[in-house]
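Coordinate inspection notes
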Amino acid sequence: MKIAALKETAAGERRVSATPETVKKFVALGATVAVEAGAGEAASFADADYAQAGATLGSRAEVLADADIVLGVQGPDPDSLPGLKQGAWIAASLNPFGERARVGRYAALGAEALAMEFMPRITRAQSMDILSSQSNLAGYKAVLDAAAEYDRAFPMMMTAAGTVSAAKVFVMGVGVAGLQAIATARRLGAQVSATDVRAATKEQILSLGAKPIFVENVQGIEGEGTGGYATEMSDEYKAAQAELVSSHIAKQDIVITTALIPGRPAPRLISDAQVASMKPGSVIVDLAVEQGGNVEGAVAGEVVTRHGVKIVGHRNVPSRLAADASALFARNLFNFLSAFWDKEAGKPVLDDEIGNAIRLTQGGKVVNERLLG
């Protein structure tokens, strides 16, 4: 069983899908591991460290030769997979909805493409969940990015020259990223509030010492989709939420938006008029900017200023913490493959529940129901 870890080629991608730690663990399972030369450099993992862990280093073609499993952070370009073995697994974040044509090309190659972001949110798969591990870091980094752009202090400070008021931070969307953003902003001493369409998150917000901002008197709307994700809300709820948010957002110094709906453009949470209502010098960080953005006027890959308010739209935020993001991503991949490792067969054998959820292609065809519907 040969496992290949590729060097990422996407612009700005600094993460790597295997670390010396996980290489050593794969070798202990009995696998042969090949790592493309330079794959870990941008994440501070040297080739020598991979070699010491038991990996062989080589060119992409050498690494791919006879590989049974190909690991990546982002899905590799099918044209960059020379000599890929028929039936080889490609396990990575494959962006199936955004890169549907690429999925078809994986099928044409005869590869079995496994989309790690389709991992079901069930208890036994928590350690394999790349969305959670990477979103956790994105929520943390979003607060640091906001602090870097904000020209005032976060905590309240009592000084002989007078008192500095605590920054008011509002987090919109309380998934993994939002919860970490709340916790990080609280650690920095901010006054934090948060909202989400899912009523069940109110207790989580309170548990972190933040103030929940929720629409009341709109009955029967929980906002809970399948697998714990948010779902689209009714027009009635959207109108009530917009009114509540408008009055609250005007008083905030920093807003962090994290709302995403799988397979759909990011919901618009903040209008240009709401941006204009904020005080000059305020900061908004849009973590959904790559899927269309939660904030009107946000630009992917840029920090723009509108009405005196900075709107931060960094791409690929987890990659801005490349070493830790790589370590967690690589462990997710190892946890996934090792959980299904059949010692007699000397390879992983997927069960139906997880296999059917993440498998996009097999036998030259696209087979995932979420892409065929």
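The following paragraphs examine the structure supplied in this document. Note that this is a predicted model, so its numbers are computed, not measured. (Residues numbered from 1 in each chain as written. Predicted model: local features only at pLDDT ≥ 70, side-chain atom pairs only at ≥ 80, totals over all residues. Heavy atoms only, no water.)

**Re the pairing of strand β10 (residues 191–195)**
Note the threshold: The buried label applies to any residue whose accessible area, calculated with a 1.4 Å probe on protein chains only, is under 20% of its type's maximum; exposed applies above 50%, and partly exposed to all values in between. Here a strand is any run of E in DSSP of at least two residues, a helix any run of H or I of at least four, and the numbering for each starts at the N terminus. In this analysis, strands are considered paired if DSSP registers two or more bridges between them. We call a crossover right-handed when, viewed with both strands directed away from the observer, the connection leading from the first strand over the helix to the second proceeds clockwise.
The buried fraction of β10 amounts to four of the five residues, a majority that puts the element mostly inside the structure. Strand direction decides the pairing type here: strand β9 (residues 168–172) and β10, joined by five bridges, are parallel. In the sheet register, V169 faces β10, and the bridge partner there is V192. Between the parallel pair β9 and β10, the chain is carried across by helix α6 (residues 176–187), and the sense of this crossover is right-handed. A crossover links β10 with its parallel partner strand β11 (residues 211–212), the connecting element being helix α7 (residues 201–207), and its sense is right-handed.

**As for the sheet that holds strand β13 (residues 283–286)**
Strand order in this open sheet of seven strands is β11-β10-β9-β12-β13-β15-β14, and the pairing throughout is mixed. Of all strands in the sheet, those bounded by a partner on one side alone are β11 and β14 (303–306). Where β9 meets strand β12 (residues 254–257), four bridges bridge the pair, whose relative direction is parallel. Residue pairing across strands places V169 opposite I254, the latter belonging to β12.

**Section: unusual backbone geometry**
Its identity is not glycine, yet S44 carries a phi of approximately 70°, on the positive side. Relative to the helices and strands, S44 resides in the loop between β2 (32–36) and α2 (47–53). Take S44: its relative accessible area is 61%, and that puts it in the exposed class. Positive phi, normally seen in glycine, also occurs at N316, with a value near 45°. Its location among the elements puts N316 in the loop between β15 (309–312) and α10 (322–339). For N316, a relative accessible area of 13% puts it in the buried group.

**Things to note about the packing of aromatic side chains**
What describes a pair of aromatic rings is the distance from one ring centre to the other and the angle between the planes of the rings. The cut-off we apply is this: Only Phe, Tyr and Trp rings take part, Trp by its six-membered ring, and two of them pair if their centres are within 6.5 Å. Stacked means planes under 30 degrees apart, edge-to-face means over 60, and tilted covers everything else. Distance and angle both matter: a charge sits over a ring if NZ of Lys or CZ of Arg is within 6 Å of the ring centre and within 35 degrees of the ring normal.
Applying the stated criterion across every chain yields a total of four aromatic pairs. Ring plane angle 70° and centroid distance 6.0 Å describe the contact between F336 and F340, whose orientation is recorded as edge-to-face. You'll find F336 and F340 in the same group, each marked buried. Taking the ring centre of F118 as reference, the NZ or CZ of R370 above it sits at 4.0 Å.

**As for the sheet that holds strand β3 (residues 56–58)**
Just so we agree on the cut-off: To get an axis, fit a line to the C-alpha atoms, keeping to the stretch in contact for a helix; angles then go from 0 to 180 degrees between the N-to-C directions. Contacts are residue-level and defined by heavy atoms, with any inter-residue pair within 4.5 Å sufficient.
One open sheet holds the six strands; their spatial order is β3-β2-β1-β4-β5-β6, and the pairing between them is parallel. A strand with exactly one partner marks an edge of an open sheet, and here the two such strands are β3 and β6 (112–115). In this sheet, adjacent strand axes meet at a mean angle of 25° when their direction is disregarded. Here three bridges tie strand β1 (residues 2–5) to strand β4 (residues 69–74), and the two strands are oriented parallel to one another. Bridge pairing in β4 links A4 to V70. Against the sheet, helix α1 (residues 20–29) makes contact with β1, β2 and β4, and its axis sits at roughly 150° relative to β2, the strand it touches most. The sheet contacts of α10 involve β4, β5 (89–93) and β6, and relative to β4 the element is tilted by about 145°.

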